[in-house]
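# Secondary and tertiary structure notes
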Amino acid sequence: MNITLSLEGFNILTALILIGVYIVIDGLYAHYTIQISKRRPVAAATTSGLMHFLMAVGVLNYVHNFLYVIPLAIGSWIGTYLVVRHHHTKESVIANLEA
């Protein structure tokens, strides 16, 4: 197996796709955690299955060039941030409606 850390085999389109995929994956992970805390087994299990399926896409890409770990990390950060921010906003709106 030829593992590299070079720009020669690095494709920017693949990197952008990986950012998008990992935004979704980390969003799913945050959603998964919320579903676990709410004790919703079907939603949590479904989210987990989809999340692991999508993770395989990233793994298949960075196995050959470790530079793809950078877009994975960027997408991961964005995905978690967006879901947690959305969840917090949603809870704030509900709390204001109940007040």
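Everything quoted here is computed from the prediction, not taken from an experiment. (Residues numbered from 1 in each chain as written. Predicted model: local features only at pLDDT ≥ 70, side-chain atom pairs only at ≥ 80, totals over all residues. Heavy atoms only, no water.)

The next thing to look at is the overall build of the protein chain. Of regular secondary structure, the protein chain possesses three helices and zero strands. If you list the helices and strands of the protein chain from N to C, you get α-α-α. Each of the 99 residues in the protein chain was classed as buried or not, and the buried ones make up 26%. Only carbon and sulfur atoms are counted for the fraction: they give 70% of the accessible area of the protein chain, which is about 6,800 Å². (Helix = DSSP H or I, 4+ residues; strand = E, 2+ residues; numbered from the N terminus. Buried < 20%, exposed > 50% of the residue type's maximum accessible area, 1.4 Å probe, protein only. Areas by Shrake-Rupley, 256 points an atom, 1.4 Å probe, with all protein chains shown as cover.)

Take the nonpolar core next. Inside soluble globular proteins, nonpolar side chains tend to come together where they are buried. In this structure, Ala15, Leu18, Val21, Tyr22, Ile25, Leu28, Met51, Leu54, Tyr68 and Leu72 together form the largest nonpolar core, which totals 10 residues. Counting only elements with at least two residues in this core, the list comes to helix 1 (12-37) and helix 2 (41-62). The greatest single-element share of this core, amounting to six residues, is contributed by helix 1. (Core = buried A, V, L, I, M, F, W, Y, C linked by side-chain atoms within 4.5 Å.)

Turning our attention to a nonpolar patch on the surface. Judged by side-chain polarity, Ile12, Leu13, Leu16 and Ile17 come together as a nonpolar surface patch covering roughly 420 Å² of accessible area. In this structure, Leu13 sits in helix 1. (Patch = residues over 30% accessible without salt bridge, like charges linked within 9 Å, V, L, I, M, F, W, Y side chains within 5 Å. Salt bridge = Lys/Arg side-chain N within 4 Å of Asp/Glu carboxyl O.)

In this structure, His87 sits in helix 3 (residues 69-98). Not counting chain neighbours up to four residues away, the residues in contact with His87 comprise Ile34 and Lys38. (Contact = heavy atoms within 4.5 Å.)

Right, let's get into the packing of helix 1 against helix 3. Close contact between helix 1 and helix 3 brings their axes to 6 Å; oriented N to C, the two are set at 40°. When the axes of helix 1 and helix 3 are compared, the pair comes out oblique. The two elements helix 1 and helix 3 cross, and the hand of that crossing is right-handed. Every residue of helix 3 that contacts helix 1 at Ala15, Leu18, Ile19, Tyr22, Ile23, Asp26, Gly27, Ala30, His31 and Ile34 is listed here: Pro71, Leu72, Ile74, Gly75, Ser76, Ile78, Gly79, Thr80, Leu82, Val83 and His87. (Axes fitted to C-alpha atoms, helices over the stretch in contact; angles between N-to-C directions. Parallel < 35°, antiparallel > 145°, perpendicular 65-115°, else oblique. Left-handed = near helix turned anticlockwise from the far one by under 90°.)

Moving on: helix 1. The end-to-end C-alpha separation of helix 1 is 37 Å, in line with the 38 Å expected for 26 residues at 1.5 Å each. Turning to helix 1, its buried residues number three or more, namely Ala15, Leu18, Ile19, Val21, Tyr22, Ile25, Asp26, Gly27, Leu28, Ala30, Ile34 and Gln35. Looking one or two places after helix 1, you find Arg39, whose phi comes out positive at around 55°. (Expected span 1.5 Å × (residues − 1).)

Attention now goes to the confidence of the model for the protein chain. Per-chain confidence: the protein chain averages 81 in pLDDT, with 89% of residues scoring 70 or above. Per-element confidence in the protein chain is highest for helix 1, whose mean pLDDT is 87, and lowest for helix 2, whose mean pLDDT is 79. (pLDDT = per-residue confidence, 0-100.)

An ideal rise of 1.5 Å per residue puts 44 Å on 30 residues; helix 3 measures up with 44 Å between its terminal C-alpha atoms. Listing the buried residues of helix 3 in full gives Pro71, Leu72, Gly75, Gly79 and His87.

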